[in-house]
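The residues making up each chain are set out below.
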Amino acid sequence: MTFVLLSLCLLPVIFVLADSRSFSIDYKNNCFQKDGKPFQYISGSIHYSRIPREYWKDRLLKMYMTGLNAIQVYVPWNFHETVQGVFNFAGDRDLEYFLNLANQTGLLVILRPGPYICAEWEMGGLPAWLLQKPNIILRSPASEWLAELLTKMRPWLYQNGGNIISVQVENEYGSYFACDYNYMRHLHTLFRLFLGEDVILFTTDGNTDKEMICGTLEGLYATIDFGTDTNITAAFIRQRRFEPKGPLVNSEFYTGWLDHWGEKHASVDTVKVSKMLGEMLSMGASVNMYMFEGGTNFGYWNGADHDSRFRSVVTSYDYNAPLSEAGDPTDKLLAIRDVIKNMWIYGLGFGAWSWLSVKAGLSLCYVNCVQYYGFMLYRTTLPRNVPEPTPLISPLNGIHDRAYVSVNGVYQGLMERDTALVMNVTGQQGDQLDILVENMGRINFGSYINDKKGLLGNLILGNDVLTDWSIYPLDIDTAVANGWLQAAHSGSAMEAGDGPMIYSGTLKSTGLAWDTFVKLNGWTKGQVWVNEVNLGRYWPQRGPQQTLYVPGPFLSATQPNNITVLELERAPSHRRILFMDRPQLNNTGQKT
Ligand SMILES: CCCCNC(=S)N1C[C@H](O)[C@@H](O)[C@@H](O)[C@H]1CO
């Protein structure tokens, strides 16, 4: 059976009333229509939650200058409702300001409000406080959040005078084990309730029959996603099985890929990306490039994956994307720009015809202690003398995710989820045992997203089950923001020893506040704050990322900048950190 994939969209002679705006699907001519004329979008993903507000305009302009006519945007629920019932759309969370900038820049918007978004973002965008509810069922309707968000978004719909041309419901739901059509129907009802009947609602799923079968729903336009290792024709044939008519759409064409700690920096070939983009566009497909600008997982916002084992995503979301993490154009961007330019040169512009779219017995985890991110301290005493090295065991793999162990303040070593479930300890009965537990980001994809953090199971020392824990949520971010740590350390030049230690210093202002990249050469693993901003995690010993991006707006050009480093394992005797003019994202395991 031959299959016509060309999506010719001939120019119909329709006069559109000046003040009527519409964006719809033309099922007869297999394309989108904008104000009655054929429309093919060339879009790029950009996540405002990963870029300082001061740089949004810069990134959007660069995307426009590349030739894009649309952007695709995730809205992370936990970014806007970190604490239940407290909605935050200010500053770096000012979504409407971002939409307005895009509008001013001439970019249309494909909005993806989830409520689950995946995105290598903490718990796929779902707020950690959901896990406080016993027996919570994740990926469920989230009516209050959707009411709050979608009510805000309605005026931004294209047909209402804004720039949102379509809205995605959920995210690759077909990849989730549940395959619950009633959940998707409930979301569909909510989206229509708050957004009205006109906006295009769509789904995106991976390029397999199972994913498309479980992720699609009558009334939601089915789109597909795939990268450079895919046969375009085969993928669009699969989409056609679910949408026999209407535009061909690749909603996530992977221009790069994500990095996990300990793995090689991802890289996707520029020639492959530009060649496939050109082929899809010449078939008349609408394409969104994922990512076009990746940005950074500041603070604790990185997610994690769990296939054979837990794998935490690194701080940089550079993604080997056309615009680098710091917003610099790459050769990949230039190649993409040429592809799009050629589309225009051959008169395939959109105006013509577009081709061919806690005094417990057992430790409590984070959310029960009302701390969702970062670090928790679990403290108890040794039940007996252990003069000889004695195994401390997490029998149920209950370390979520890394534990730094000290006895009477002397560092003993570390334990790690999936990979280091036992270590040796010595001490006297009654000695203080401290376990500092680090949350390395909640799983954002697949069946394990209900990813609770902390000590989730008993620890056993020799033959003794350890109990009588005291639990301390460590709000280090507040301590840094209030300068409590500088005061605590002033004058006490502590020896750089092993184990968790806070270091602070100042970066003298140079009259400039430009972008820079901090390199912690010889350090092991920890967290960095510049002034009161938590830059994210560093782990040069494991790589591949060796530097952390420091956006200029985080620095002062006139005042000394406070730098705070929480080193979790071992600091170098020199205790220096470097501020460089370029990133280093591709060295697995630092070469000290
Ligand atoms: C390692 C498994 C990654 C699963 N995620 C996949 S396939 N992806 C699809 C997902 O929709 C998007 O949010 C991103 O998470 C993207 C990967 O960058």
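Residues numbered from 1 in each chain as written. Predicted model: local features only at pLDDT ≥ 70, side-chain atom pairs only at ≥ 80, totals over all residues. Heavy atoms only, no water.

When you look at the environment of Lys 152 in this model, what are you seeing that I'm missing?
With respect to the secondary-structure elements, Lys 152 resides in helix H4 (residues 143–153). As a C-alpha pair, Lys 152 and Gln 84 span 68 residues in sequence and 18 Å in three-dimensional space. For Lys 152, the contacting residues outside a window of four places in its chain are Phe 89 and Glu 96. (Helix = DSSP H or I, 4+ residues; strand = E, 2+ residues; numbered from the N terminus. Contact = heavy atoms within 4.5 Å.)

Whenever I open this one, the state of the cysteines confuses me. Can you help?
Here is the idea: a disulfide is a covalent bond, and it sits between the sulfur atoms of two cysteines. Under the defined criterion, the tally for this structure stands at one disulfide. Disulfide pairing is shown between Cys 179 and Cys 214; the S-S distance is 1.9 Å. Note on the Cys 179 and Cys 214 pair: the S-S dihedral is about -90°, so by sign convention the disulfide is left-handed. Residue Cys 179 is located in the loop between strand S7 (164–168) and helix H5 (181–195), and its partner Cys 214 is located in helix H6 (residues 209–215); the two are separated by 35 residues in the primary sequence. (Disulfide = S-S within 2.5 Å.)

Looking at this structure, how should I read a nonpolar patch on the surface?
A cluster of nonpolar side chains, namely Leu 61, Tyr 64 and Met 65, defines an oily patch on the protein surface of about 310 Å² accessible area. Tracing the backbone through its elements, the reader meets Tyr 64 in helix H1 (residues 56–66). (Patch = residues over 30% accessible without salt bridge, like charges linked within 9 Å, V, L, I, M, F, W, Y side chains within 5 Å. Areas by Shrake-Rupley, 256 points an atom, 1.4 Å probe, with all protein chains shown as cover. Salt bridge = Lys/Arg side-chain N within 4 Å of Asp/Glu carboxyl O.)

What is the right way to read the nonpolar core from this model?
If you look at soluble globular proteins, the nonpolar side chains tend to sit buried side by side. Core analysis: the largest hydrophobic core is formed by 120 residues, its most contacted members being Ile 71, Met 153, Ile 164, Val 167, Phe 191, Leu 195 and Phe 236. Looking at which element gives the most residues to this core, the answer is H5, with seven residues. The contact partners of Leu 195, leaving out residues within four places of it in the chain, are Leu 150, Met 153, Arg 154, Leu 157, Val 167 and Leu 201. (Core = buried A, V, L, I, M, F, W, Y, C linked by side-chain atoms within 4.5 Å. Buried < 20%, exposed > 50% of the residue type's maximum accessible area, 1.4 Å probe, protein only.)

How should I be thinking about the packing of H1 against helix H3 (residues 95–105) in this particular structure?
For any two helices packed against each other, one specifies the crossing angle of their axes together with the interaxial distance. Two elements in contact, H1 and H3, have axes separated by 10 Å at closest approach and are oriented at 35°. Considering the relative orientation of H1 and H3, their crossing is right-handed. Contacts between H1 and H3 involve Trp 56, Lys 57, Leu 60, Leu 61 and Tyr 64 from the first element and Tyr 97, Phe 98, Leu 101, Ala 102, Gln 104 and Thr 105 from the second. (Axes fitted to C-alpha atoms, helices over the stretch in contact; angles between N-to-C directions. Left-handed = near helix turned anticlockwise from the far one by under 90°.)

Explain the pairing of strand S8 (residues 200–206) to me, please; I cannot follow it from the model alone.
For S8, a buried count of seven out of seven residues is recorded, marking the element as mostly surrounded by other parts of the structure. Residue alternation in S8 divides its side chains into two sets, Ile 200, Phe 202, Thr 204 and Gly 206 and Leu 201, Thr 203 and Asp 205, and both sets are buried. Both S7 and S8 contribute to a ladder of three bridges, which runs parallel. Residue pairing across strands places Ser 166 opposite Ile 200, the latter belonging to S8. Viewed along the sheet, the connection from S7 through H5 into S8 turns out right-handed. Pairing of S8 with strand S9 (residues 221–227) involves five bridges; the strand directions are parallel. Residue pairing across strands places Asp 205 opposite Ile 224, the latter belonging to S9. (Pairing = 2+ DSSP bridges. Right-handed = clockwise from strand over helix to strand, strands pointing away.)

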